Amino acid sequence: MNLSAERRRDLVALLAYLFLSLLLTYPLILKFTTHVAGDGSDDPALAWNLWWVRHAIFELGRSPIYTDYLFFPVGLNLAFYTLTYLNAFVSIPIQFVFGIIPAANLNLWLSFTLSGFGAYLLVKYLLRNESASFARFVPVASFASGLLFAFSSNKFLYTSLGQFNIASSQWIPFYILFLFKTFDPPRPSLRNGFLLGLFLLFQALSEFIFASFLILFTLAYLVYWLIAQRFRIRNPSHRDSFGSQSAIRNLTIAAITFLLPMSPILAALISDTLTEGDFLQSGLGFSNIFSGDLIGFFIPSHLHPLFGGLEAQFHFSYINFVFVGYLALALAALALLRVPRARIWGTFAALIFLITLGPTLRVNSQEFSAPFLPFNWLLQLPFIKGNRYPSRWSVMLALCLAVLVGYGMMWLLKRVASHQSPPEPSSRIASNSLLRRPSSVALVSLALCLLLLFEHLSLPLPTSNLQVPEIYRTIARDPGDFTVMELPLAWRNGFRVTGSYRADSQAPIDRSFMLAQWYQTAQQHPILNGNTSRNPENKFQYFSETPVLNSIIAIQAGHSIDDATRTRDKELAPRVLQFFNTRYVIWHTPYEEVNRDVAEKTRAYVEEIFPITKINESYENGRGTVVYRVNDLATNETLDLKPDDPLARLYFGEGWGALGGTKLVITRKEAKLFILVSALHSLKMAFDYAFTPLSSRSLAINVNGQSVFFESNVNNKESYEVIIPESVLHSGLNEVTFQFSGTAPVGSFMRELPFVTADTYAHYPIVVRSAGEEQGAFGHIYVSGVDESPNARGYNLVVIDSRSGAVYARANFDTFASEQDSARMAQFIAQIPSGKIVAVAARDEASFHLTPEAVDALKTIGAQQDLRGKFRWSHAIIGVKGASSGSALECASEIRVCQLVVGIGATEPNIAASIGEIRIEPAP
């Protein structure tokens, strides 16, 4: 096949980017089958992505969007997780032939290669109108642009952290290329609209955050285009220069191309948001930490082999992701000064630069308020606000600079060429510079390209060993369905880590738990642990509030367990293992030396309370893996679920209110219940209830997705017995779903007057939930199902009228931050009228600046606990102003969530039903 000269140049550029990808990610090529790029924190989970998509589709025959292989049994909606679907789809054939690790590495190299080639094609298109005499310089300038975008330090930094999703920026230049083609005169091809939507889809399936950046970029470009279009319409000579109708058709085609394949993921996003509320981001999240520092734009990456030590001389709040390079800035400045059509890219670059600064201005870690910064506006946009890393916008800044570098280099090469002339007398040759020689353009081009690479050099690239201990393959050969419990028990999202080994609050969070998710690719059974990006609060609380598990979590965090709790845990531990259908418990040595002591204490506790037998122990490079098999456990075929059962939390999934009141409460139209089946036979489920007082009420009960009961009018019955046939059950955990046709206000259920103190009654339900930082960092106060708490750090107070349920006042006092807030809290409580109910929930940390006056003020509502010196304790109170100290309902704990319930555990304003207890036993 004969290729045109242009196609040959394109092919050479593509192969050059591939070669540089292999070279500049050294030493990854030498560890192709055993290591991936990264430091062991994010790379195990991102490599897991590739396996999960393949496993879900080919082995399980289900959609990869939902999984119960993590966070078992409650599972995760992976629409809120960086699943990198496209990377996984591309890797499937490679996985089958070479394995997951080679597939991950090939994906990474493909990302670098296509990033460069995409930027090359984009800049070549933008420079397409150069005169014939200088057209030969276009590929050179375009190639330099591709070098900057593909091999910029920010891409290497994200790669070094194993964040392959953020490194997957290769589709960005392709999208922008076809965005321009969509609007180009005279009649843009509809094929461009399809490709525009396709590349947006590719980017969304690789990293959704970048797709949101592209949508915002498109809106900005539309504003620019409309302004330019208006000018051209006023000028008759340009009236037909833009095909508006064709552009609109192209955008419509692009939207359809993008939305149709994305619809299942978007539906999952919207469904959980409607059900759980907006949990994408709370306040600033970590935005003010993961922002670009003004000095950081001029300080090379810490990965640079020569200048990497410079970063340590400054005080960045986190890693410096925003270095842009001096040569890149110089060429960009040249383009802005000398090339008028490049200035729109300067505008885009300036806007994106401001976004990378985040919500505040940071200069060498000094923070200054700057409400005018555009990132603060982005925090108001649905879904867009889910990006808590302003520095991630550096990828868009890199592209804008790459384009400006292309313009600047093109202008410079033309100037160099214009100074070249035929050979002159030797006397004159000596007086001229190198620019007078015929090879000067090539030399300048080569020098600039090498300098662009040198500024962003990141060698050697950190790599992470993902070789799996052989015991996991042995476990995979063990037949049957079961779960594996990995220690440390830990769960992680973009805002929080629950569990992990951590000797004290200042010790680093140990990354050993991240490998558990990766090891699942070998043993192929569900685990309790998991890593995600965003999830509702209840996903974490399901585990951190379960007895036995929360004791293990506490020990991992450096706390001690009292004798009473040890005795209780030893009694409950067999039921916990049986419920999760756990067959293996696996302990890992932490990476951080400081965490070794708490890890050994965790291991000793597990050996003490769990009925397990050690079957394998291996050590390598100072780190060990110890494997235990769970002993045979006696089964109990009868299950009584009551609100006060210590293990009730295990059985209730989404849709239930707070446990611990007089009844179980179903807060939504659908609620999940987990039941354990050891021997397959039909079951009888009996329960009494009170339904919402609607004129027509239907109840459906499904087991594992199959209907076992339906009644259209259940208003007048007091109890039910439902037969669950053996045909719908399977061994292990089964999911029972209650479905109601509607909900009603909480007040419809209040037929009794629950007491707050001995002589004061509340006519409405109250739930107080307090958690220190390690237990969840929240302070909820629900009154008739509405969270009235400010839910901020420190003490949160809500004052309630006992008869009407009306909220009289609410306030937050950050007694961690200042004694002034302690004084304000004492004054606030002093002004509350006697007889008012006062609900109190500490969040995160409330003790550091708590004063004796504030403690005495809390005693005037019936409290008696003194939190001073009790760092990050949970503390919940429901009392009455003017009551004697000790008369309030109160809970304080170093290692537990504190929860108080008056009446029913309503945590939503409308509920479907309340149930006294549920009994499950073999059917007669």
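Definitions and cut-offs
- Residues numbered from 1 in each chain as written.
- Predicted model: local features only at pLDDT ≥ 70, side-chain atom pairs only at ≥ 80, totals over all residues.
- Heavy atoms only, no water.
- Helix = DSSP H or I, 4+ residues; strand = E, 2+ residues; numbered from the N terminus.
- Rg over C-alpha atoms; globule rule 2.2 N^0.38 Å.
- Buried < 20%, exposed > 50% of the residue type's maximum accessible area, 1.4 Å probe, protein only.
- Contact = heavy atoms within 4.5 Å.
- Lys, Arg positive; Asp, Glu negative; His and termini not counted.
- Charge placed at Lys NZ, Arg CZ, Asp CG, Glu CD.
- Disulfide = S-S within 2.5 Å.
- Pairing = 2+ DSSP bridges.
- Patch = residues over 30% accessible without salt bridge, like charges linked within 9 Å, V, L, I, M, F, W, Y side chains within 5 Å.
- Areas by Shrake-Rupley, 256 points an atom, 1.4 Å probe, with all protein chains shown as cover.
- Salt bridge = Lys/Arg side-chain N within 4 Å of Asp/Glu carboxyl O.
- Axes fitted to C-alpha atoms, helices over the stretch in contact; angles between N-to-C directions.
- Parallel < 35°, antiparallel > 145°, perpendicular 65-115°, else oblique.
- Left-handed = near helix turned anticlockwise from the far one by under 90°.
- Nonpolar A, V, L, I, M, F, W, Y, C, P; charged D, E, K, R; others polar.
- Phe/Tyr/Trp six-rings, centres within 6.5 Å; stacked < 30°, edge-to-face > 60°.
- Core = buried A, V, L, I, M, F, W, Y, C linked by side-chain atoms within 4.5 Å.

J.: Describe the overall build of the protein chain, and please don't skip the residues or the numbers.
T.: Along the backbone of the protein chain there are 26 helices and 35 strands. Over its C-alpha atoms the protein chain spans a radius of gyration of 31 Å, differing by no more than 12% from the 29 Å that the globule rule assigns to 924 residues. Considered along the principal axes of its C-alpha atoms, the protein chain spans approximately 110 × 65 × 55 Å. Burial status across the protein chain gives 58% buried among its 924 residues. Sequence-distant contacts, at least 24 apart, represent 73% of the contacts inside the protein chain between residues at least 6 apart. The average position of the 73 basic charges and that of the 72 acidic charges among the side chains of the protein chain differ by 14 Å.

J.: Go over the state of the cysteines, please, and point to the residues and values.
T.: Scanning the entire structure with this criterion turns up one disulfide. Here Cys-891 is linked by a disulfide to Cys-898, with a sulfur-sulfur distance of 2.3 Å. Its S-S torsion of about -65° marks the bond between Cys-891 and Cys-898 as left-handed, since a negative value means left-handed. Of the residues examined, Cys-891 reaches a relative accessible area of 22% and is grouped as partly exposed. Of all cysteine sulfurs, the one in Cys-449 lies closest to Cys-400, which takes part in no disulfide; the gap is 20 Å. Note on Cys-400: relative accessible area 1%, which makes it buried. For Cys-449, a relative accessible area of 10% gives the class buried.

J.: If you had to explain the pairing of strand β25 (residues 766-772) to someone new, which residues and values would you point to?
T.: With seven of seven residues buried, β25 lies mostly within the body of the structure. Burial along β25 is two-sided: the face carrying Ile-766, Val-768, Ser-770 and Gly-772 and the face carrying Val-767, Arg-769 and Ala-771 are both buried. As defined by bridge partners, β25 adjoins strand β33 (residues 898-902) across five bridges and the pair is classed as antiparallel. Following the sheet pairing, Ser-770 is matched in β33 by Cys-898. Pairing of β25 with strand β26 (residues 778-783) involves six bridges; the strand directions are antiparallel. The residue of β26 that forms the bridge with Ile-766 is Val-783. In sequence, β25 turns back onto β26 through a hairpin of five residues, with Gly-776 there showing a positive phi of about 145°. Note: β25 against strand β30 (residues 837-844), two bridges, orientation parallel. When the sheet's bridge partners are listed, Gly-772 is paired in β30 with Asp-844.

J.: Let's hear about a nonpolar patch on the surface: which residues, and what values?
T.: Residues Ile-57, Phe-58, Phe-89, Phe-96, Val-97 and Phe-98 make up a contiguous nonpolar surface patch of roughly 640 Å² in combined accessible area. Where the nonpolar patch is concerned, the elements lending two or more residues are α2 (43-60) and α3 (85-97). At three residues, the largest contribution of residues to the nonpolar patch is made by α3. For Phe-89, the location among the structural elements is in helix α3. Note on Phe-89: relative accessible area 37%, which makes it partly exposed.

J.: Summarise the environment of Ser-91; cite the residues concerned and give the values.
T.: Among the secondary structure elements, Ser-91 is positioned in helix α3. The class of Ser-91 is buried, set by a relative accessible area of 0%. Sequence separation between Ser-91 and Phe-164 is 73 residues, and the spatial gap between their C-alpha atoms is 13 Å. Those residues in contact with Ser-91 that lie beyond four places of it in its chain are Leu-50, Ala-103 and Asn-107.

J.: Can you tell me about the packing of α3 against helix α4 (residues 100-126), naming the residues and giving the values?
T.: At a minimum axis separation of 9 Å, α3 and α4 run at an interaxial angle of 130°. Here α3 is positioned oblique relative to α4, judged by the angle of their axes. The two elements α3 and α4 cross, and the hand of that crossing is right-handed. Across the interface between the two elements, Asn-87, Val-90, Ser-91, Ile-94 and Gln-95 of α3 pack against Ile-100, Pro-102, Ala-103, Leu-106, Asn-107 and Leu-110 of α4. Of the residues contributing to the contact of α3 with α4, the split by class is seven nonpolar, four polar and no charged.

J.: Which residues make up the pairing of strand β31 (residues 874-880), and what values do they have?
T.: Within β31, seven of the seven residues are buried, which leaves it mostly tucked inside the rest of the structure. By the alternation rule, side chains of β31 split into Ser-874, Ala-876, Ile-878 and Val-880 and His-875, Ile-877 and Gly-879, which are all buried. Relative to β31, β30 runs antiparallel, the two being bridged by five bridges. Bridging from a neighbouring strand, Val-838 pairs with Gly-879 of β31.

J.: Explain the sheet that holds strand β10 (residues 530-531) residue by residue, including any values.
T.: If you trace the three strands from one edge of the open sheet to the other, you get β9-β8-β10, paired in mixed fashion. Edge strands, defined here as strands with exactly one partner in the open sheet, are β9 (497-499) and β10. Both strand β8 (residues 490-492) and β10 contribute to a ladder of two bridges, which runs parallel. Counted as the bridge partner of Trp-491 is Gly-530 from β10.

J.: So what's going on with the packing of aromatic side chains? Residues and values would help.
T.: What the rule picks out here adds up to 54 aromatic pairs. Taken together, a centroid distance of 5.7 Å and an interplanar angle of 10° make the contact between Phe-32 and Trp-109 stacked. Of this pair, Phe-32 sits in the loop between α1 (5-24) and β1 (35-37) while Trp-109 is found in helix α4, placing the two residues 77 residues apart along the sequence. Classification of Phe-32 by relative accessible area gives partly exposed; the value is 23%.

J.: Please set out the sheet that holds strand β19 (residues 706-711) residue by residue, giving values where relevant.
T.: The antiparallel open sheet is built from four strands, whose spatial order is β16-β21-β18-β19. Edge positions in the sheet fall to β16 (670-677) and β19, since each has one partner strand and no second. Averaged over all neighbouring strand pairs, the angle between strand axes comes to 20°, with direction disregarded. Pairing between strand β18 (residues 699-703) and strand β21 (residues 732-740): five bridges, direction antiparallel.

J.: Describe the nonpolar core, listing the residues and the values that go with them.
T.: Within soluble globular proteins, side chains that are nonpolar generally end up buried alongside one another. Formed by 243 residues in total, the largest nonpolar core has its most connected members in Ile-176, Trp-345, Phe-610, Leu-673, Phe-687, Phe-738 and Ile-918. When residues in this core are grouped by element, the largest group, 17 residues, is from helix α15 (residues 394-419). Those residues in contact with Phe-738 that lie beyond four places of it in its chain are Trp-656, Ile-666, Lys-669, Glu-670, Ala-671, Leu-673, Met-685, Phe-687, Leu-699, Ala-700, Ile-701 and Ile-918. Membership of the second largest hydrophobic core comes to 25 residues, among which are Ala-811, Phe-813, Ala-854 and Trp-873.

J.: Could you give an account of the pattern of salt bridges, with specific residues and numbers?
T.: Under the defined criterion, the tally for this structure stands at 36 salt bridges. Taking the shortest distance from any N to any O, the salt bridge between Arg-583 and Asp-478 comes out at 3.2 Å. Here Asp-478 lies in the loop between α18 (470-476) and β7 (483-487) and Arg-583 lies in strand β11 (residues 582-588), a separation of 105 residues in the sequence. The exposure class assigned to Asp-478 is buried, which follows from its relative accessible area of 16%. When the shortest N-O distance is used, the salt bridge between Glu-921 and Arg-919 registers 3.3 Å. Salt bridges here are not isolated pairs; linked through shared partners, they connect Glu-600, Arg-603, Glu-607, Lys-614 and Glu-617.

J.: I'd love a proper account of the side chain of Ser-391, names of residues and values included.
T.: Here Ser-391 is to be found in the loop between α14 (375-378) and α15. Ser-391 has contacts with Tyr-158, Phe-290, Ser-291, Gly-292, Phe-321, Val-322 and Thr-356, leaving out every residue within four places of it along the chain.

J.: So what about unusual backbone geometry? Which residues, and what values?
T.: Along the chain, Tyr-26 connects to Pro-27 via a cis peptide bond; the corresponding omega equals 10°. Turning to its location among the elements, Pro-27 is positioned in the loop between α1 and β1. Of note, the amide linkage connecting Leu-487 to Pro-488 takes the cis form, showing an omega dihedral of 15°. Relative to the helices and strands, Pro-488 is located in the loop between β7 and β8. For Ser-365, which is not glycine, the phi dihedral falls at a positive 75°. The residue Ser-365 is located in the loop between β4 (360-363) and β5 (366-369) in this model. Judged by relative accessible area, which is 25%, Ser-365 ranks as partly exposed. Even without a glycine there, the phi angle at Asn-581 is positive, about 55°. Residue placement: Asn-581 occurs in the loop between α22 (563-579) and β11.

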